[in-house]
Amino acid sequence: MVAIGQLHKCATWVRQTRRGTIIAAVDLFTWFHTILSLIAIAGLVVVRDLFASRGALERTALFIATALTSATGFGFKAPFGPSHVVGVISLVLLAGSTLALYVFRLAGR
């Protein structure tokens, strides 16, 4: 694989195969969004701990921060669609859970 292009704009790989040339271009914003998503998926341990009422605040803060993947999803050039609706709903839930945990200290339990 040969890296072509400027890294701050786009990471591009060109690979020769028997059938022809494969070109894959992924910009750094997409990489950032994907990495945040993968960290958030790994944060399911935090969700398990929250349901068991034994969450560590540091891990919970990291998990809530990675939920901002929903916010980065609005940065892609696409018409408003179902993915945006899910993003809006998750951001509203994120705001509510952040307030409940850090402002009200889960006072309603």
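Residues numbered from 1 in each chain as written. Predicted model: local features only at pLDDT ≥ 70, side-chain atom pairs only at ≥ 80, totals over all residues. Heavy atoms only, no water.

## Side note on helix α3 (residues 57–66)
Defined as follows: Burial classes follow relative accessibility: with a 1.4 Å probe on protein chains only, a residue under 20% of its type's maximum area counts as buried, one over 50% as exposed, and anything between as partly exposed. A run of H or I in DSSP becomes a helix once it reaches four residues, and a run of E becomes a strand once it reaches two; helices and strands are each numbered from the N terminus. The directions from the helix axis to the C-beta atoms form the arc being described. In this description, contact between two residues means that some pair of their heavy atoms is separated by no more than 4.5 Å.
T60, I64 and T66 are the residues of α3 that are buried. Viewed along the axis of α3, the buried residues span an arc of 165°, placing them on a single side of the element. Opposite the packed face of α3, turned more than 90 degrees from it, sit the exposed residues E58 and L62. Tucked inside the fold, the buried residues of α3 contact α1 (28–42), α2 (44–51), α4 (69–72) and α5 (82–103).

## Topic: α5
Note that an α-helix has 3.6 residues per turn; residues three or four places apart therefore point the same way. This is how the line gets drawn: Expected span of a helix: the number of residues minus one, times 1.5 Å.
Given a rise of 1.5 Å per residue, 22 residues ought to cover 32 Å, and the 31 Å separating the end C-alpha atoms of α5 matches this to within 8%. In this structure, the buried side of α5 is in contact with α3 and α4. One or two residues past the end of α5 sits R105, with phi positive at roughly 50°.

This is a description of form; function is not addressed.
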